[in-house]
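Working through the structure, step by step
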Amino acid sequence: MDSQTWMMLSEKYIAHTYARYPILLVKGKGTRVWDMDGREYLDFVSGLAVCNLGHCHPKVVKAIQDQAERLIHVSNFYYIEPQIRLASLLCEHSFADQVFFCNSGAEANEGAMKLARKYAKEKMEGDRYEIITMERSFHGRTLATLTATAQEKFHKGYSPLMPGFKYIPFNDIGSVRKAIDSKTCAIMVEPIQGEGGVNCPSEGYLKALREICDKKKILLIFDEVQVGMGRTGKLFAYEHEAVEPDMLTLAKSLAGGVPIGALLIKKEIAESFEPGDHASTFGGNPLATAAGVAALLAILEEGMLENCQQVGDYFFTRLEEIKRKFPLVQEVRGKGLILGMELKTEGGSIVKEMITKGFLINCTMGNVLRFLPPLIVTKEEVDQMIVALEEVFSRISNSSE
Ligand SMILES: Cc1ncc(COP(=O)(O)O)c(C=O)c1O
């Protein structure tokens, strides 16, 4: 069957929750993917920050193969060896003492919010349950995480939303102070907002959040679903400012492409979870956590963080060069290999044109081109993408003259 027929069947049988580009990808290796018709693409999307190690990293493939032959799934009624390994590795390399495993970013955030409420009931004075989140945030698509996501466009059609959330502008410490009241139990924030347009806080913002949370005795939750696991050039984005949260959520790239989510927790807070309080059938299953161990070790042992910093800095300067040449570019921002280029025009058609040139890029918020290549991307590959992008920008500039 040819790719066109497959795409027709997709439209017929798969719910239309995604606006898809007309290519059907069948193979991936490193920074490249191939479609069913044999066309090759350089991937600057990485499955939306999932394939940080590149596609089909040999150590992850081997770990999945070995684990699949031994044990794919057992219930969390029993101890699970790769789950224990992954949890200890995550704790050794972070602020956390304990981990709750699940299957996605939304589920990790649900866990964080449930635990914040439970901890508040047990340890905080009064009746505290409200969570403060930031405008332009993104925390997931379940009803609670959707409510936590302070962007109206995601709320449309789903009212009534969950009670217990308050929204404030991102990167504005004054509004944090004003928003906290006798109901507040936690602040949840992405150290860099991904879906919301690659928005970086100014230096000192996360530290100030930490200080306020300590003073008010409320919890600080970092959502590192998109920026965790090396994406910013450190294993966790919070390390850049040496500010530790009380809880941190991960998913996306944690298991090199196998679905997984994790909630990293400080011990005192984790103690509010007792057997039966929270669970997930697949959470931390042997296959996913075996892949997670292999992925985490590869990030740490193969120089990916260093490459991310170096190539990320280079990439940033190349994007800045484009900005200087083309007035349609408003701003370049980001850290490591999560980079955004805000345009004065919509970016969807640019993404389509880049696909025809053999490059996968993404556009978020309608006008922010977002670049999320695997952490192994080279300067030469960045150059190739920049050449293609310049061609597209030149064509747009010439046609609008
Ligand atoms: C920061 C952040 N949090 C949560 C999520 C939701 O993750 P998932 O789609 O795995 O539920 C995303 C997804 O893009 C995200 O970027």
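Anyway, here's the lowdown on the structure attached to this text. (Residues numbered from 1 in each chain as written. Predicted model: local features only at pLDDT ≥ 70, side-chain atom pairs only at ≥ 80, totals over all residues. Heavy atoms only, no water.)

If you trace the backbone, R318 turns up in helix α12 (residues 304–325). For R318, a relative accessible area of 16% translates into the label buried. What R318 contacts, discounting residues up to four positions off in sequence, is V382, D383, I386 and E390. (Helix = DSSP H or I, 4+ residues; strand = E, 2+ residues; numbered from the N terminus. Buried < 20%, exposed > 50% of the residue type's maximum accessible area, 1.4 Å probe, protein only. Contact = heavy atoms within 4.5 Å.)

Now for the nonpolar core. Looking at soluble globular proteins, one finds that nonpolar side chains tend to be buried together. Ranked by internal contacts, the top residues of the largest apolar core, which has 87 residues, are M341, L369, L389 and F393. Beyond its immediate sequence surroundings of up to four residues, L389 is in contact with L319, I322, M341, I350, M354, I361, L369 and F371. Grouped together as the second largest cluster of nonpolar side chains are 25 residues, A112, L115, M188 and L263 included. (Core = buried A, V, L, I, M, F, W, Y, C linked by side-chain atoms within 4.5 Å.)

Spatially, 4 strands are ordered β1-β2-β3-β13 in an open sheet, and the strand pairing comes out mixed. Two strands bound the open sheet, and with one partner strand each, they are β1 (25–29) and β13 (359–360). Looking at chain direction, β1 and strand β2 (residues 32–35) are connected through 4 bridges and run antiparallel. Paired with G28 across the bridge in β2 is V33. (Pairing = 2+ DSSP bridges.)

Here the structure, examined in full by the defined rule, presents 22 salt bridges. Residue K121 pairs with D127 through a salt bridge whose shortest N-O separation is 4.0 Å. K121 gets classed as exposed once you look at its relative accessible area, which sits at 56%. R395 is paired through a salt bridge with E353; the nearest N and O atoms lie 2.7 Å apart. Taken together, the residues span a long stretch of sequence, with R395 in helix α14 (residues 379–399) and E353 in helix α13 (residues 348–356) at a distance of 42 residues. Judged by its relative accessible area of 40%, R395 is partly exposed. One network of salt bridges, in which partners are shared, links R210, D214, D246 and K266. (Salt bridge = Lys/Arg side-chain N within 4 Å of Asp/Glu carboxyl O.)

With that settled, the discussion passes to the site of the ligand. In the vicinity of the ligand lie 13 residues, with G105, A106, D223, Q226 and K252 positioned nearest. Separating a nitrogen atom of the ligand from a backbone N or O atom of F138 is a distance of 3.3 Å. In the model, a nitrogen atom of the ligand is placed 2.7 Å from a nitrogen or oxygen of the D223 side chain. Considered on its own, the ligand offers 390 Å² of accessible surface; in the complex 82% of this is hidden by protein. The dominant element in the shell around the ligand, judged by the number of residues it contributes, is helix α5 (residues 105–123), at 3 residues. A class-by-class count of the residues in the shell around the ligand yields 3 nonpolar, 6 polar and 4 charged. (Near = heavy atom within 4 Å. Polar contact = N/O pair within 3.5 Å; in protein donor to acceptor, adjacent residues only side chain to side chain. Areas by Shrake-Rupley, 256 points an atom, 1.4 Å probe, with all protein chains shown as cover. Nonpolar A, V, L, I, M, F, W, Y, C, P; charged D, E, K, R; others polar.)

In this section: unusual backbone geometry. Put simply, S159 and P160 share a cis peptide bond, and its omega is -5°. Looking at the element boundaries, P160 is found in the loop between α7 (152–155) and β6 (165–168). Phi is positive for C56, which is not a glycine, with a value near 50°. As for its position among the elements, C56 is in the loop between α2 (46–49) and α3 (58–70). Relative accessible area serves as the criterion here: at 45%, C56 is assigned to the partly exposed category.

With burial as the criterion, each face of strand β15 (residues 368–371) is covered, one bearing V368 and R370 and the other bearing L369 and F371. Of the strand pairs in this sheet, strand β12 (residues 338–343) and β15 are connected by 4 bridges, and their pairing is antiparallel. From the neighbouring strand, M341 faces β15, where its bridge partner is L369. Summarising the sheet, strand β14 (residues 362–364) and β15 pair through 3 bridges and their orientation is antiparallel. Each residue of the ladder has a partner; that of N362, found in β15, is R370. The antiparallel pairing of β14 with β15 creates a hairpin that spans 3 residues between the two strands, and M365 there sits at a positive phi of about 55°.

Here we take up the sheet that holds β12. With antiparallel pairing, the 4 strands of this open sheet are ordered in space as β11-β12-β15-β14. A single partner strand is all that each edge strand has here, and the edge strands are β11 (329–335) and β14. Averaged over all pairs of adjacent strands, the angle between their axes in this sheet comes to 25°, without regard to strand direction. As judged from the 6 bridges shared by β11 and β12, these two strands associate in the antiparallel manner. (Axes fitted to C-alpha atoms, helices over the stretch in contact; angles between N-to-C directions.)

Without other data, these values stay purely geometric and don't point to any function.
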